[in-house]
Amino acid sequence: MINEDVVGHLGDWAWVIDGATGVGAPLLDAPSDAAWFAQEVDRALCSAIPSSGDRPTTDVLREVIADCRGELHRQQRREPSERHERPSAAIAMVRITSGGLEMSTLGDCRIAYRDRNGSAQLFGTSRIEIFERRTLDMAARLLRDAPALSSAELRERLLPQLQTNRRHMNTAGGYWVLNTDPEAADHMDQLTIPADGTTVALGSDGFLRLVELFEVATPDDLLSLDLPAKVEARLNQLRRIEAEDPECRRHLRIKRSDDASFLLARCVDIAAA
């Protein structure tokens, strides 16, 4: 299986990128357009951050998008024939600024953090959930009419709906994600919280299945994953639940398994340490 997620950090920045699995013919000579795009965003961030100074994150992301747009034009084998063929990704980022720890999300990656009352919350919203609900409702109808459908057959029948959803990407009345549209940077969810000793957890939607789909973990649990062994145990739990429901009936979903990425970041005053 191709991993279409990327986790990265540089200086006072950290991020999780989740490439959107393609729903059309590929544009690139790559393992997948989604994996290529996630890796290009990671590369462009590492290029832009060293000279970013105190520029707003939206401006830095616009630079990243312009860089990726140029690379796409250079490397693609053909122009996309329809909007749904364009590569895209969700992203969650944190950055230490003069005002505190800035959290930014675009798409369905999320950030676990503690609010001013100490309660663990998930930060980040996306209208993509409206379109995903349409797909799941259609899947439920298909399975009601043809209970013997395999997960692969179900996805094939859902493909036209998935393509329709994707054509609403970065449009008025649609949903916003990271792609080669510069204005996407203006649609990030952002929140700044105190940085002193703060711990946050960034996750792709595949890892967040533990919280949002399977409901076997909470945002507080994510913030406690402070050792590799703890993360591995949760990942094993995720894969076990998915494997026990291979046809996606108990927990209705389009893909049996999804890439699952996680990053825990703690703000530390190096001078004081």
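Residues numbered from 1 in each chain as written. Predicted model: local features only at pLDDT ≥ 70, side-chain atom pairs only at ≥ 80, totals over all residues. Heavy atoms only, no water.

Q: Any chance you could explain the packing of helix α3 (residues 128-145) against helix α4 (residues 151-166) here in plain terms?
A: For any two helices packed against each other, one specifies the inter-axial angle together with the distance between the axes. Contact pair α3 / α4: the axes reach a minimum separation of 10 Å and the direction vectors enclose 155°. In this view, α3 runs roughly antiparallel relative to α4, as classed from their interaxial angle. Crossing handedness for the pair α3 and α4: right-handed. When α3 is examined against α4, the residues F131, E132, R134, T135, M138, A139, L142 and L143 are found in contact with a partner set consisting of L154, R157, L158, Q161, L162 and N165. Looking at the contact of α3 with α4 residue by residue, the class counts come to eight nonpolar, three polar and three charged. (Axes fitted to C-alpha atoms, helices over the stretch in contact; angles between N-to-C directions. Helix = DSSP H or I, 4+ residues; strand = E, 2+ residues; numbered from the N terminus. Parallel < 35°, antiparallel > 145°, perpendicular 65-115°, else oblique. Left-handed = near helix turned anticlockwise from the far one by under 90°. Contact = heavy atoms within 4.5 Å. Nonpolar A, V, L, I, M, F, W, Y, C, P; charged D, E, K, R; others polar.)

Q: How should I be thinking about the sheet that holds strand β7 (residues 189-193) in this particular structure?
A: The strand order across the open sheet built from five strands is β1-β2-β3-β4-β7, with neighbouring strands paired in antiparallel fashion. The two strands at the open ends of the sheet, each matched to only one other strand, are β1 (5-10) and β7. When strand polarity is set aside, the average angle formed by the axes of neighbouring strands in this sheet is 10°. Summarising the sheet, strand β4 (residues 100-106) and β7 pair through five bridges and their orientation is antiparallel. If you follow L101 over to β7, its bridge partner there is I193. Contacts from helix α1 (residues 33-48) reach β1, β2 (13-19) and β3 (89-97), with the element oriented near 165° to β2. Lying over the sheet, helix α2 (residues 57-75) contacts β2, β3, β4 and β7, oriented at roughly 135° with respect to β3. (Pairing = 2+ DSSP bridges.)

Q: Would you explain the layout of surface pockets in this entry?
A: The rolling of a water-molecule-sized probe over the atoms marks out the regions of remaining empty space. Size it by volume and the largest pocket reaches roughly 1100 Å³. Lining the largest pocket are 39 residues, and of these D108, E132, D205, I254 and D258 sit closest to its centre. Counting residues per element, the ones that place at least two in the lining of the largest pocket are β2, β3, α3, α4 and α5 (209-212). The element best represented in the lining of the largest pocket is α3, accounting for seven residues. By residue class, the composition of the lining of the largest pocket is 15 nonpolar, seven polar and 17 charged. What the second largest pocket holds in volume is close to 450 Å³. Along the walls of the second largest pocket sit 21 residues, with G11, I96, R266, C267 and V268 positioned nearest its centre. Here the element with the most residues in the lining of the second largest pocket is strand β9 (residues 262-266); it accounts for four residues. Counted by class, the lining of the second largest pocket contains 13 nonpolar, three polar and five charged residues. (1 Å grid on protein atoms, 1.4 Å probe; cavity = no way out; pocket = protein on both sides within 12 Å on 5 of 7 lines; lining within 4 Å. Points joined across faces, edges and corners; volume = space filled by probe spheres on them.)

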